Each structure stands twice: as C-alpha cells, then as structure tokens.
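Observations on chain architecture
Take a look at the letters that make up each chain.
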Amino acid sequence: MANERTFKAITWLLFSIICFDLMAVHIRYLSITYTPEELSFYRNTLGLIPSILLLYFTAELSLKLQDYKIKQWKLAFFRGFIVALAQLLFYTAISKLELATVATLGQTGPIFIVILAIVLYKEYVGVWRWAAIFIGFLGTVLVIKPGSDIFNWNSILPIGASFCYALSIVTLRSFKKEISNSILYLYSATAAALGAGLYASLSITFTPIQNYSDAILLLSMSFCGGFGVVCLMIAYRAAEASAIAPFNYFGLVSAFVLGWVVFGEFPLDTLFPGVLFIVTAGLVIIWREKINKN
C-alpha cells in the first residue's frame, strides 16, 4: 500500500510539473503582448476557480463565511501576497530568459527553505546541510556568472521568486494542523489575486485583451497554474515529501525540452556545470531530511 501511494503521489507530482511547464510556455507567448504584471493578475484571478473546485472535491465548500475563518488569517494572507510577488518575478524571468535557465535557478528553493528554517524557527542544521547550502550557492554563481560579459541582471529574478516560494512553504509550519490544505489554498489564492491586482494597478496601465484567442490562452494559462498547484498539494499529501521530492528535477528536463522544441533554446553553456551543483545540493538536503525523519 505504501508503494502504491508513493507511485500515485509521483504521478500527481509529474502532472503538476507538466502543468507548470505548459503555463510557462503560455507566459512566454503572451508576454509579447502583455506585461508580467498583467499575466500575474489574470493567472491569480482566474486561478481562484481551481481553488474553489478543490474545496468542492474535498467537501469543504460552504456558503457560510464562518466556515472559512481561521485565527491565523493575517499570516495566510501574507503568504498569498508573497506568492503573488514570487509569480511576478517568475513571469518576468520567463519573458526574459530561457525556460531551462529559469527552471534551473528555480531549483534553489530547497536551499532557501533550509536557510529560512534556521532564521525563523532556529532549526538545527548539521554539516551536511551546510555543505549543501554552500554547494547550491556555488552552482547558482556558476549559472548566473556575475562579473562576466554574459551576466544578465534578469538572472536574479528566478532566484528572488524561489526565495519567495520558499518563504511561503516554510511559514506553513506556523499553521495549526487542523487547518486543511484546501482552506489555506483558498486564502493564498485570494490574497495572491488581490496582491497581483495591487502590484499591477501601481505599476502599469492594463492592455485590453486583443482577441478571443488571447482570452482563451489567458484562461488556459491560469488553469494550468491553478491545477498545477492542486496536483502538487495532492502529491505531497499522498506520500512523504522525501520520497517524491527528487522527482521535482524532472522539471529541469521537461523545461529544457520544451524550450528547445518550442522556442529553439539550447542553453547548455549557461547551465553547465552549475546545474549539477544545484541538483546535488537539493538531493543532499532531501537525503538528510529523510534520515532525520527515520
């Protein structure tokens, strides 16, 4: 039974990766006409639909507002605003960089999770995880190559997004266990929509949706992102995180292939050898997490 649950969790995780990759392709195409702020707003606003569907399937959908009340609502909304900022940085990066480069730098998340756990929760970190942090930092430097002629400030964007996503994940520890993932996702999705609207209203003038094709693509992009989150939540509820987390690195391969096939990108010189250091760091962190739980 444990193996069957793990297999199902891995399947859901791979579905989530495919959803996120398809969302990235949408963003790259739509960014020709629409700004990252606009795309983030549409994604988060329309992305409320999957959060409502999740409540329906978990039998938590209710017309009574008190059924959604939680004591830590301020933290829940804070997470949503952080997610909106992460998405804005992530979408801007996709419009400026190769998909594989964004995916690689996005894998710095486990490193930030460890660092934030130290800062926020005074978590003890042994030699192995400190080594992983150093290796991951070295890999990141090798990818973005600061100080060289090929350095691009846009390379900082996916790292900033990764930090924000890591902060949203780590702060989940502060919520009481009886609060369901569906309710937390609803708070996060609602706050992210509000945050994205605020960021956009303060920085840009909205471009009218040009045609029905763009409207369909915006809806499809939002659904890919929303259902990607739902699949990810189902995956991590079905099995131990340490058992399925290594399969996140499938996203590096899929992003590279999609970038190559759809956009003709082949950034091998940019990614290697830094990507190997980043992946190694993530695997070491996952390995130590599994040992600590055992």
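Refer to the preceding data block for the structure.
Being a predicted model, the structure only gives us computed values, none of them experimental. (Residues numbered from 1 in each chain as written. Predicted model: local features only at pLDDT ≥ 70, side-chain atom pairs only at ≥ 80, totals over all residues. Heavy atoms only, no water.)

Turning our attention to the overall build of the protein. Secondary structure assignment for the protein yields 14 helices and zero strands. Along the chain direction, N to C, the helices and strands of the protein fall in the order α-α-α-α-α-α-α-α-α-α-α-α-α-α. Against the 2.2 N^0.38 benchmark of 19 Å for 294 residues, the protein shows a C-alpha radius of gyration of 19 Å, consistent with a compact globule. Projected onto its principal axes, the C-alpha positions of the protein cover 50 × 50 × 35 Å. For the protein, buried positions account for 47% of its 294 residues. Residue pairs in contact within the protein that sit at least 24 positions apart in sequence constitute 88% of those at least 6 positions apart. Total accessible area on the protein stands at roughly 15300 Å², and carbon and sulfur atoms take up 70% of it. Measuring between centres, the 20 positive side-chain charges of the protein sit 12 Å from its 15 negative side-chain charges. (Helix = DSSP H or I, 4+ residues; strand = E, 2+ residues; numbered from the N terminus. Rg over C-alpha atoms; globule rule 2.2 N^0.38 Å. Buried < 20%, exposed > 50% of the residue type's maximum accessible area, 1.4 Å probe, protein only. Contact = heavy atoms within 4.5 Å. Areas by Shrake-Rupley, 256 points an atom, 1.4 Å probe, with all protein chains shown as cover. Lys, Arg positive; Asp, Glu negative; His and termini not counted. Charge placed at Lys NZ, Arg CZ, Asp CG, Glu CD.)

Now for the nonpolar core. Considering soluble globular proteins, one finds that nonpolar side chains tend to be buried as a cluster. Counting 18 residues, the largest nonpolar core has Met23, Ile27, Leu30, Leu39, Ile94, Leu218 and Met221 as the members making the most contacts within it. Residues contacting Leu218, with those up to four places away along its chain left out, are Leu30, Leu39, Tyr42, Leu46 and Ile209. Ranked by size, the runner-up nonpolar core spans 13 residues in total, among them Leu105, Val143, Ile159 and Val170. (Core = buried A, V, L, I, M, F, W, Y, C linked by side-chain atoms within 4.5 Å.)

Now for the packing of helix H4 (residues 73-96) against helix H8 (residues 156-170). Following both chains from N to C, one finds H4 and H8 inclined at 160°, their axes separated by 8 Å at the closest point. By the angle class used here, H4 and H8 are roughly antiparallel. Every pair of crossing elements has a handedness; the one defined by H4 and H8 is left-handed. Across the interface between the two elements, Phe78, Arg79, Ile82, Val83, Leu85, Ala86, Gln87, Leu89, Phe90, Thr92 and Ala93 from H4 touch Leu157, Pro158, Gly160, Ala161, Cys164, Tyr165, Leu167 and Ser168 from H8. (Axes fitted to C-alpha atoms, helices over the stretch in contact; angles between N-to-C directions. Parallel < 35°, antiparallel > 145°, perpendicular 65-115°, else oblique. Left-handed = near helix turned anticlockwise from the far one by under 90°.)

Our focus in this paragraph is the environment of Ala117. Considering the arrangement of structural elements, one finds Ala117 in helix H6 (residues 109-121). Taking the C-alpha atoms as reference points, Ala117 and Thr6, 111 residues apart in sequence, are found 26 Å from one another. In contact with Ala117, other than residues within four places in its own chain, are Lys122, Glu123, Val170 and Arg173.

Looking at the element boundaries, Ala191 is found in helix H9 (residues 181-203). Residue class for Ala191 comes out buried when judged on its relative accessible area of 0%. Taking C-alpha positions, Ala191 is 4.5 Å from Gly80, a pair spaced 111 residues apart along the chain. Those residues in contact with Ala191, other than ones at most four positions away along the chain, are Phe77, Gly80 and Phe81.

Here the focus is the packing of aromatic side chains. This structure, assessed with the given rule, holds 12 aromatic pairs. With a centroid separation of 5.3 Å and an interplanar angle of 75°, the aromatic rings of Phe41 and Phe206 are classed as edge-to-face. On the criterion of sequence distance, the pair formed by Phe41 in helix H2 (residues 36-46) and Phe206 in the loop between H9 and helix H10 (212-238) is long-range, its members being 165 residues apart. Given a relative accessible area of 25%, Phe41 falls into the partly exposed group. Its relative accessible area of 33% is what places Phe206 among the partly exposed residues. Where Phe223 meets Phe227, the ring centres are 5.7 Å apart and the plane angle is 70°; that geometry is what we call edge-to-face. (Phe/Tyr/Trp six-rings, centres within 6.5 Å; stacked < 30°, edge-to-face > 60°.)

Take helix H3 (residues 48-57) next. Every buried residue of H3 is listed here: Pro50, Ser51, Leu54 and Leu55. Seen from one end, H3 has its buried residues packed into an arc of 145°, which puts them on one side. For H3, the exposed residues lying more than 90 degrees away from the buried face are Tyr56 and Phe57. Of the residues one or two after H3, Ala59 is the one with positive phi, at around 60°. (Arc of directions from axis to C-beta.)

Let us look at the packing of H6 against H8. Orientation of H6 relative to H8, taken along the N-to-C sense of each, is 50°, at an axis distance of 8 Å. Of the possible angle classes, the one that applies to H6 and H8 is oblique. Pair H6 / H8 crosses with right-handed handedness. Packed against H6, whose contacting residues are Gly109, Phe112, Ile113, Leu116, Ala117, Leu120 and Tyr121, the element H8 presents Ile159, Ser162, Phe163, Ala166, Leu167, Ile169 and Val170 at the interface. For the contact of H6 with H8, the class distribution of residues is 12 nonpolar, two polar and no charged. (Nonpolar A, V, L, I, M, F, W, Y, C, P; charged D, E, K, R; others polar.)

Time to look at the side chain of Glu265. Within the fold, Glu265 resides in the loop between helix H12 (250-263) and helix H13 (268-271). Within polar-contact distance, the side chain of Glu265 engages the side chain of Arg28 at 2.4 Å. Contact partners of Glu265, with chain neighbours within four places excluded, come to Arg28, Leu97, Glu98, Leu99, Gly259 and Trp260. (Polar contact = N/O pair within 3.5 Å; in protein donor to acceptor, adjacent residues only side chain to side chain.)

Let us now look at the pattern of salt bridges. Here the structure, examined in full by the defined rule, presents one salt bridge. For Glu265, the salt bridge goes to Arg28, with nearest N and O atoms at 2.4 Å. Of this pair, Glu265 sits in the loop between H12 and H13 while Arg28 sits in helix H1 (residues 2-30), and the two are 237 residues apart along the sequence. The exposure class assigned to Glu265 is buried, which follows from its relative accessible area of 12%. (Salt bridge = Lys/Arg side-chain N within 4 Å of Asp/Glu carboxyl O.)

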